[in-house]
Amino acid sequence: MDPRIEKIRTKIEPLKQAIVNHKLYSIVENIGDVRIFMQHHVYAVWDFMSLLKSLQHHLTCTSVPWFPKGDGETRYLINEIVTGEESDILPNGLRMSHFEMYLAAMDQAGASTEAINEFLKVLQESHNLQPAFEAASLSPSVRDFITFTFHVIATDQPHLLAAVFCFGREDLIPDMFRSIVNDIEKTDPKNIALFKYYLDRHIEVDGDHHSNLAIQMVTKLCGDNEEYWKQAEAAVSAALQFRINLWNGVYDAIEATKASPFSKN
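So, how was this worked out
Residues numbered from 1 in each chain as written. Predicted model: local features only at pLDDT ≥ 70, side-chain atom pairs only at ≥ 80, totals over all residues. Heavy atoms only, no water. Helix = DSSP H or I, 4+ residues; strand = E, 2+ residues; numbered from the N terminus. Buried < 20%, exposed > 50% of the residue type's maximum accessible area, 1.4 Å probe, protein only. Contact = heavy atoms within 4.5 Å. Areas by Shrake-Rupley, 256 points an atom, 1.4 Å probe, with all protein chains shown as cover. Lys, Arg positive; Asp, Glu negative; His and termini not counted. Charge placed at Lys NZ, Arg CZ, Asp CG, Glu CD. Core = buried A, V, L, I, M, F, W, Y, C linked by side-chain atoms within 4.5 Å. Axes fitted to C-alpha atoms, helices over the stretch in contact; angles between N-to-C directions. Parallel < 35°, antiparallel > 145°, perpendicular 65-115°, else oblique. Left-handed = near helix turned anticlockwise from the far one by under 90°. Phe/Tyr/Trp six-rings, centres within 6.5 Å; stacked < 30°, edge-to-face > 60°. Salt bridge = Lys/Arg side-chain N within 4 Å of Asp/Glu carboxyl O. Expected span 1.5 Å × (residues − 1).

1. Description of the overall build of the protein chain
Along the backbone of the protein chain there are 12 helices and two strands. The proportion of buried residues among the 265 residues of the protein chain is 50%. Considering only contacts within the protein chain whose residues lie at least 6 apart along the sequence, 75% involve residues at least 24 apart. In the form shown here, the protein chain has an accessible surface area of approximately 12,400 Å², with 52% of it arising from carbon and sulfur atoms. Of the side-chain charges in the protein chain, 24 are positive and 36 negative, and the distance between the mean point of each set is 1 Å.

Right, dumping it as structure tokens:
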């Protein structure tokens, strides 16, 4: 493995630890808390897919007429990841994207999808994040998280897209959270089973096969350009800080619900 990959890993380790050991996980106790988590986290799942498709656009030819673009190895890496993320398999054998799987898990868990659906509807009509933010009444931490992702996308720099995709992924959700979900499933399997499957499937795929492919992609795109490596490290550090801020926002939302005399938790 390229030593510059290890350098990035060493640099971002404190930020990763801050995410993995975030206080958020300690207050998730029941299905109500999971619903609040999902209603915030779904935007990270969605813009993760947007980051992925932007990478595919830059690294392969996605228009007609078709012409060879980039090198075959990089095309393979991104297309392999897209296949898994955009058309993964459900327990019943049907295929759908991880985002659609997440929405289905939200429906099963009783988490509202009204805001995310309104966000997507307005964004598709306006092609502008700001009115979509307002229509969905998104919290500042969610807005900032999405805004940063689309700032990276707007750079049109594949090495930055690949770095943020590689090191700011959903496999940052720790075993502790999965253990909590497993415990909830024991008493409420009808509501949490699909979310548990999503976590297990996503972490399994991202934490192994896709992670290795993404590392290869970053290595190829940064190459021997030391400035690219520095830029990649800075972008990844910023992405992880926005993830921490997002988790802070989810924590505050769950805490506020627990403090409410009308809480159903």
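2. Focus: the nonpolar core
Across soluble globular proteins, nonpolar side chains have a tendency to be buried as a group. Core analysis: the largest hydrophobic core is formed by 91 residues, its most contacted members being F37, M38, F119 and F195. The leading source of residues in this core is helix α3 (residues 31-59), at 16 residues.

3. Things to note about the packing of helix α6 (residues 114-126) against helix α7 (residues 129-136)
Interaxial distance between α6 and α7 falls to 8 Å at its minimum, and their mutual angle equals 155°. Relative to α7, the element α6 lies roughly antiparallel. Crossing hand, α6 versus α7: right-handed. The segment α6 lies against α7, with A115, E118, F119, V122, L123 and S126 engaging L129, P131, A132, F133, A135 and A136.

4. A few points about the packing of aromatic side chains
On inspection of all chains with the given rule, the structure shows 13 aromatic pairs. Arranged with centres 4.5 Å apart and planes meeting at 35°, the rings of F37 and F177 form a pair that is tilted. With F37 in helix α3 and F177 in helix α10 (residues 175-187), this residue pair connects regions lying 140 residues apart in the sequence. The residues F37 and F177 share a single accessibility class, namely buried. Residues F177 and F195 carry aromatic rings whose centres are separated by 6.2 Å and whose planes lie at 75° to one another, so their mutual orientation is edge-to-face. On the criterion of sequence distance, the pair formed by F177 in helix α10 and F195 in helix α11 (residues 189-222) is long-range, its members being 18 residues apart.

5. Focus on the environment of A253
As for its position among the elements, A253 is in helix α12 (residues 226-259). With 114 residues separating them in the primary sequence, A253 and S139 have C-alpha atoms 9.5 Å apart. In contact with A253, other than residues within four places in its own chain, are I36 and H40.

6. Details of the pattern of salt bridges
Scanning the entire structure with this criterion turns up 11 salt bridges. Ionic pairing is found between K220 and D71, a salt bridge with its closest N-O pair at 3.7 Å. Within this pair, whereas K220 is found in helix α11, its partner D71 is found in the loop between α3 and α4 (72-86), the two being separated by 149 residues in sequence. Given the relative accessible area of 35%, D71 is considered partly exposed. Members of the salt-bridge network, linked through shared partners, are D2, R4, D224 and E226.

7. Quick notes on helix α5 (residues 98-109)
Taking 1.5 Å of rise per residue, the 12 residues of α5 would be expected to cover 16 Å, and the 16 Å separating its terminal C-alpha atoms lies within 8% of that figure. Every buried residue of α5 is accounted for by H98, F99, M101, Y102, L103, A105, M106 and A109. Backbone geometry just after α5 places G110 at a positive phi near 85°.

Don't take any of this as a statement about function, it's just geometry.
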